[in-house]
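Working through the structure, step by step
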Amino acid sequence: MNKGPLAVVGASVLWGTAGTAGLLVSADSVSLAAARLVIGGAALALVAGLGAARQGRTVTPARLRGRIVTPGLLLGAVAVAAYQLCYFAAVSRTGVAIGTVVSIGSGPVFTGLLSWLLHGRRPSRRWTLATTAAVCGCAALIVGGGAQAGERMVSGVLLALLGGLLYAFYAVTAARAIGRGAESNAVMGVMFGGAALIMLPILLVNGVGWVAEPRALLAVLYLGLGTTALSYLLYGRGLRTTPVATAATLALTEPAVAALLGLVVLGERLTSVSVAGLVLLALALVVVAVPETDPVRKGRGAVESELESHP
């Protein structure tokens, strides 16, 4: 049984809890994002380092560096850090609802297009239809939540779209490296460890005094270790056997989880339009998660397909 889609959904569930956990912290959004990425990136880099140490018995350090720390993954690290900044800059202009749905909802579209343009992996008709339905479900979820049209500032929407493109870029970059035989934990460690180094100065400039509060410390540790480190370990494992375009669509589980937590934990209410959006999103995700029945592709993982694209 291919457990890749389940790993991606598990990662997305963790991502969906980040917003609720962030409400426990009084710090500004940029400081919170920087702390989350520094902690999570350091943890992922540590996991990658331990894996490299185990491989050191049979793989020389020079060969390991040449295989894992590549210019593509370093550029992916820049994209990871830039995504965080674009996302939080977007939501400060458009509001959390619109900024989230534009950045996360556009991610699968950009991922499918980049996979097609860069690697020649044309999305299937089923993926196209299911992704369209999932994006519509996200839109209904947000519209039903009562987002005000006045918050749709052009600059914020453009920043959110840029964030979706950056997410797609580092997802496709990671999938390509994993498809070429790199260990998924090492790939995530390089990208997020590099992003942590980029975000560390931002965190120090903004100040870390707010972390001294016990509730804030627990929240930021959960955001870093749970919604970043653990989630991206799962996401990387999912990319071993799940096409990256499919993984990006499955990641739309995140706004659904966030909406449900708002309902259960924060006492928010869902309108009939929001409920319809959740149902449509859930159905679309099921369609994407069910393996293709094409006999040529059946039983193949994303790794094999990626290798075929790069003989």
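The structure reproduced in this document is the subject of the present report. Keep in mind the model is a prediction, meaning the values are calculated, not measured.

1. Considerations on the overall build of the protein
A count of helices and strands for the protein gives 14 helices and 0 strands. Reading the helices (α) and strands (β) of the protein from amino to carboxyl end gives α-α-α-α-α-α-α-α-α-α-α-α-α-α. Contacts in the protein between residues far apart in sequence, at least 24 positions, make up 88% of those at least 6 positions apart. In the form shown here, the protein has an accessible surface area of approximately 14,700 Å², with 69% of it arising from carbon and sulfur atoms.

2. Details of the packing of aromatic side chains
Taken as a whole and assessed by the stated rule, the structure comprises 10 aromatic pairs. Measuring from ring centre to ring centre gives 5.1 Å for tryptophan 15 and tyrosine 232, while their planes differ by 45 degrees; the resulting arrangement is tilted. Of this pair, tryptophan 15 sits in helix H1 (residues 4–16) while tyrosine 232 sits in helix H10 (residues 214–239); the two residues are 217 residues apart in sequence, bridging distant segments of the chain. Assigned by exposure class, tryptophan 15 and tyrosine 232 land together as buried. Considering the side-chain rings of tyrosine 232 and tyrosine 235, the 6.0 Å spacing of their centres and the 80 degrees angle between planes classify their relative orientation as edge-to-face. In this pair, tyrosine 232 and tyrosine 235 are both assigned in helix H10, 3 residues apart and thus about one turn of the helix distant. These aromatic residues form a ring-pair network of at least three members: Trp15, Tyr83, Tyr87, Tyr167, Tyr170, Phe192, Tyr232 and Tyr235.

3. Regarding the pattern of salt bridges
The full count for this structure, using the stated rule, is 2 salt bridges. With its nearest N and O atoms 2.9 Å apart, the salt bridge here joins glutamate 183 to arginine 240. Of this pair, glutamate 183 sits in the loop between helix H8 (154–179) and helix H9 (184–206) while arginine 240 sits in the loop between H10 and helix H11 (244–250), placing them 57 residues apart in sequence. Judged by relative accessible area, glutamate 183 falls into the partly exposed class, the value being 32%. Here arginine 215 makes a salt bridge to glutamate 213, at a shortest N to O gap of 4.0 Å. Judged by its relative accessible area of 49%, arginine 215 is partly exposed.

4. Thoughts on the packing of H9 against H10
With their axes 8 Å apart at the nearest point, H9 and H10 run at an angle of 135 degrees to one another. Comparing their axes, H10 and H9 come out oblique. Considering how the two elements wind past one another, H9 and H10 form a crossing that is right-handed. Of the residues in H10, those touching H9 at Ser184, Asn185, Met188 and Phe192 are Thr228, Tyr232, Leu233, Tyr235, Gly236, Arg237 and Leu239. Looking at side-chain class alone, the contact of H9 with H10 contains 6 nonpolar, 4 polar and 1 charged residues.

5. Notes on H1
Taking 1.5 Å per residue, 13 residues should reach 18 Å; H1 reaches 19 Å between its end C-alpha atoms and fits that length. Those residues of H1 that sit buried are Gly4, Pro5, Ala7, Val8, Ala11, Ser12, Leu14, Trp15 and Gly16.

6. With respect to the nonpolar core
Judged by nonpolar contacts, the single largest core of 66 residues is most densely connected at Tyr170, Met188, Phe192, Trp210, Tyr235 and Leu239. No other element matches H8, which puts 10 residues into this core. Excluding residues that lie within four positions of it along the chain, tyrosine 170 makes contacts with Gly76, Ala79, Val80, Tyr83, Met191, Phe192 and Tyr232.

7. Considerations on the side chain of serine 184
Along the chain, the position of serine 184 falls in helix H9. Apart from residues no more than four positions distant in its own chain, serine 184 is found in contact with Ile178, Gly236, Arg237 and Arg240.

8. Considering H9
Taking 1.5 Å of rise per residue, the 23 residues of H9 would be expected to cover 33 Å, and the 32 Å separating its terminal C-alpha atoms lies within 8% of that figure. Helix geometry: H9 is bent most strongly at methionine 199, by close to 35 degrees, with proline proline 201 lying one to four residues after it.

9. Focus on the packing of H1 against H10
Contact geometry for H1 and H10: axes closest at 8 Å, N-to-C directions at 160 degrees. In this view, H1 runs roughly antiparallel relative to H10, as classed from their interaxial angle. Relative to H10, the crossing made by H1 is left-handed. For the pair H1 and H10, the contacting residues are Gly4, Ala7, Val8, Gly10, Ala11, Leu14 and Trp15 in the first and Tyr222, Gly226, Thr227, Leu230, Ser231, Tyr232, Leu234, Tyr235 and Gly238 in the second.

Rules and cut-offs
Sequence order sets the numbering: in each chain, residues are counted from 1 along the sequence as written. Only residues with pLDDT of 70 or above have their local features reported here, since the model is predicted, and side-chain atom pairs are shown and tallied only from 80 upward, although totals for entire chains, interfaces and linings are computed over all residues. The side-chain values count all of the structure's non-hydrogen atoms but skip hydrogen atoms and water molecules. Runs of E in the DSSP output that reach at least two residues are strands. Runs of H or I that reach at least four are helices, and both are numbered from the N terminus. Residue contacts are counted whenever heavy atoms from the two residues lie within 4.5 Å of one another. Surface exposure here means Shrake-Rupley accessible area, sampled with a 1.4 Å probe, where a residue is shielded only by the protein chains that are shown. Ring geometry is summarised as follows: Phe, Tyr and Trp rings, the Trp one being its six-membered ring, pair when their centres sit within 6.5 Å, and such pairs are stacked at plane angles under 30 degrees, edge-to-face over 60 and tilted between the two. Throughout this description, buried means an accessible area under 20% of the type-specific maximum (1.4 Å probe, protein chains only), exposed means over 50%, and partly exposed covers the range between. Any carboxyl oxygen of Asp or Glu within 4 Å of a side-chain nitrogen of Lys or Arg constitutes a salt bridge here. Lines are fitted to the C-alpha atoms to define the axes, a helix being fitted only along its stretch in contact, and any angle between axes, read from their N-to-C directions, falls within 0 to 180 degrees. Reported orientations rely on four angle classes, namely roughly parallel under 35 degrees, roughly antiparallel over 145, roughly perpendicular from 65 to 115, and oblique for the rest. Left-handed describes a crossing whose near helix is turned anticlockwise from the far helix by less than a right angle; the clockwise case is right-handed. Side-chain classes are defined by residue name, with Ala, Val, Leu, Ile, Met, Phe, Trp, Tyr, Cys and Pro counting as nonpolar, Asp, Glu, Lys and Arg as charged, and the others, Gly among them, as polar. To estimate how far a helix should extend, the number of its residues minus one is multiplied by 1.5 Å. Residue types Ala, Val, Leu, Ile, Met, Phe, Trp, Tyr and Cys, when buried and joined through side-chain atoms within 4.5 Å, form a set referred to as a nonpolar core. Note on bend: at a given residue it equals the angle between the axes fitted to the 7 residues ending there and to the 7 starting there.

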